[in-house]
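Below, each chain spelled out in residue letters.
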Amino acid sequence: MAEVVSPVPGAGRREPGEVGRARGPPVADPGAALSPQGEIIEGCRLPVLRRNQDNEDEWPLAEILSVKDISGRKLFYVHYIDFNKRLDEWVTHERLDLKKIQFPKKEAKTPTKNGLPGSRPGSPEREVPASAQASGKTLPIPVQITLRFNLPKEREAIPGGEPDQPLSSSSCLQPNHRSTKRKVEVVSPATPVPSESAPASVFPQNGSARRAVAAQPGRKRKSNCLGTDEDSQDSSDGIPSAPRMTGSLVSDRSHDDIVTRMKNIECIELGRHRLKPWYFSPYPQELTTLPVLYLCEFCLKYGRSLKCLQRHLTKCDLRHPPGNEIYRKGTISFFEIDGRKNKSYSQNLCLLAKCFLDHKTLYYDTDPFLFYVMTEYDCKGFHIVGYFSKEKESTEDYNVACILTLPPYQRRGYGKLLIEFSYELSKVEGKTGTPEKPLSDLGLLSYRSYWSQTILEILMGLKSESGERPQITINEISEITSIKKEDVISTLQYLNLINYYKGQYILTLSEDIVDGHERAMLKRLLRIDSKCLHFTPKDWSKRGKW
């Protein structure tokens, strides 16, 4: 008899995207690992067969969230541990490896960090180690930093720049350093830097490798302004224990239950697109059993059938989102919508967005929010592409509460266009802004990419004056881009550009970073033109304007 190779213990707890090839499906023994009642129950954990991005079979560990019986055939709703919840799905009995089943403990509810009882059967919240929490956090670098640039001759033809001075031996970190490195010297800050708060010295090795900067003992690190890694949906770190009274849309994950952890809408038809939701959305219960939920793409009202939608379209006069059109260039337009004046549209937009946002909750009180909807125009009207919302009054300098590009328009540059537009509004308002945390995994990637490209664009476009190396401060970068200072510093550290050397901050741009940035900017065809923006900020501190 041929030997069957089963997944090794813990093989399912891999990071998202990690590939594991199964040598052969395990033999399912129905009576080998059933509960005393003779059935698989909610809360069980076991390997489940799935196809990865490379179309290969793998057996990640998954948790049974629900069981249903359709025509005598049982289906199991599974959540793959350490994978994003949008991959959750209904599976049949044949895809379960019953030999490695783990039954839930008797105590179905476990206390959470804020003292509230959890509702995940046999799935206690995982504690994040202190070392993991500390990794990636913002280092205590003072924001008053002056950057002094020294660029090699090989990069003289940079757009927006003047011919650079050759490298001198005194400006190099090491005498034998390759000439293909761009050296940027950062002069000491105007204010003295305490020695205990200065990061450790870092010396680049072989042009690319750098060791991590260790935090000074006994000093608290600042919170990670980029947010935690959102790939793991089981952790509730960094989420406030109670919603803020100023209109925060951050989800309080301590009140999650089995119902909200499961997708409840099978399919959504929006205009010429059919969307498969990723997460739970609180649509009316009677609509969750429908094979398709039909939405009007202009007012976002939902209907039970295609006939209902067709009857609605004969009465709906909208061909664009309600509100004021504040930007138009080509076929791209932005509409500003007041959550108080257009409450029905705003609530319907939140219901749709919740299908694709897991870290935000839905508040039917949309009065404290403004919604900026991006549309694409054709002969039939203005079709929604994505949107972002923001508080009318934010005490924490948030310029985005929720942001979403609908799946049919993703990976086409619209996400960065939404982010760029949010910062363009902040420039008009004369403020610096940052998105509300936590960010989703896709949102985190988009913001990191936008911050990196925007800051590198500023640094590479600096011009020298009177033969001196160009200088710029963190405050100046923040004022030019409207990106919050903490986000500027964290982006420089994420790119591993800023180091501390002999009492000075040294910023080093490698050829790989420069070339990668130039290639990325060539692909970034969609940009916001400030001349096409017609926007006048309001003083929302006067409640009468609400």
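Here the structure is shown first, and the text comes after it.
Residues numbered from 1 in each chain as written. Predicted model: local features only at pLDDT ≥ 70, side-chain atom pairs only at ≥ 80, totals over all residues. Heavy atoms only, no water.

Caption draft 1: How the structure looks around the overall build of the protein chain. Within the protein chain, the secondary structure is distributed over 8 helices and 22 strands. Split into buried and exposed, the 546 residues of the protein chain put 49% on the buried side. Here the protein chain has roughly 27,000 Å² of accessible surface; of this, 51% comes from carbon and sulfur atoms. (Helix = DSSP H or I, 4+ residues; strand = E, 2+ residues; numbered from the N terminus. Buried < 20%, exposed > 50% of the residue type's maximum accessible area, 1.4 Å probe, protein only. Areas by Shrake-Rupley, 256 points an atom, 1.4 Å probe, with all protein chains shown as cover.)

Caption draft 2: The nonpolar core, seen in detail. Ranked by size, the top nonpolar core spans 79 residues in total, and within it Phe334, Leu352, Tyr387, Phe421 and Leu492 carry the most contacts. At 9 residues, helix H5 (residues 441-460) tops the list of elements feeding residues into this core. Once residues within four sequence positions are removed from consideration, phenylalanine 421 is found in contact with Ile326, Tyr327, Phe334, Tyr372, Phe388, Ile528 and Leu533. Core analysis: the next-biggest nonpolar cluster, separate from the first, contains 14 residues, Val78, Phe83, Leu98 and Ile101 among them. (Core = buried A, V, L, I, M, F, W, Y, C linked by side-chain atoms within 4.5 Å. Contact = heavy atoms within 4.5 Å.)

Caption draft 3: Just the sheet that holds strand E1 (residues 45-47), in detail. One open sheet holds the 4 strands; their spatial order is E1-E4-E5-E6, and the pairing between them is antiparallel. This sheet does not close on itself; its edge strands, each paired only once, are E1 and strand E6 (89-92). Averaged over all pairs of adjacent strands, the angle between strand axes in this sheet comes to 50°, irrespective of strand direction. Where E1 and strand E4 (residues 61-70) come together, 3 bridges link them in antiparallel fashion. By the bridge assignment, arginine 45 is partnered in E4 with glutamate 63. (Pairing = 2+ DSSP bridges. Axes fitted to C-alpha atoms, helices over the stretch in contact; angles between N-to-C directions.)

Caption draft 4: View of the environment of lysine 85. With respect to the secondary-structure elements, lysine 85 resides in the loop between strand E5 (73-80) and E6. For the pair lysine 85 and arginine 261, spaced 176 residues apart in the sequence, the C-alpha separation amounts to 8.1 Å.

Caption draft 5: Summary view of the packing of aromatic side chains. Under the definition given, this model contains 18 aromatic pairs. Between tyrosine 80 and phenylalanine 83 the ring centres are 6.3 Å apart and the planes differ by 65°, which places this aromatic pair in the edge-to-face class. Of the residues examined, phenylalanine 83 reaches a relative accessible area of 3% and is grouped as buried. On the numbers, 5.3 Å between centres and 90° between planes, the contact of tyrosine 283 with tyrosine 302 is edge-to-face. (Phe/Tyr/Trp six-rings, centres within 6.5 Å; stacked < 30°, edge-to-face > 60°.)

Caption draft 6: Seen up close, unusual backbone geometry. The omega torsion of the bond from lysine 437 to proline 438 falls at 0°, within 30 degrees of zero and hence cis. Within the secondary structure layout, proline 438 lies in the loop between strand E19 (434-435) and H5. The backbone of arginine 411 sits at a positive phi, close to 60°, despite the residue not being glycine. Residue classification places arginine 411 among the exposed residues on the basis of a relative accessible area of 86%.

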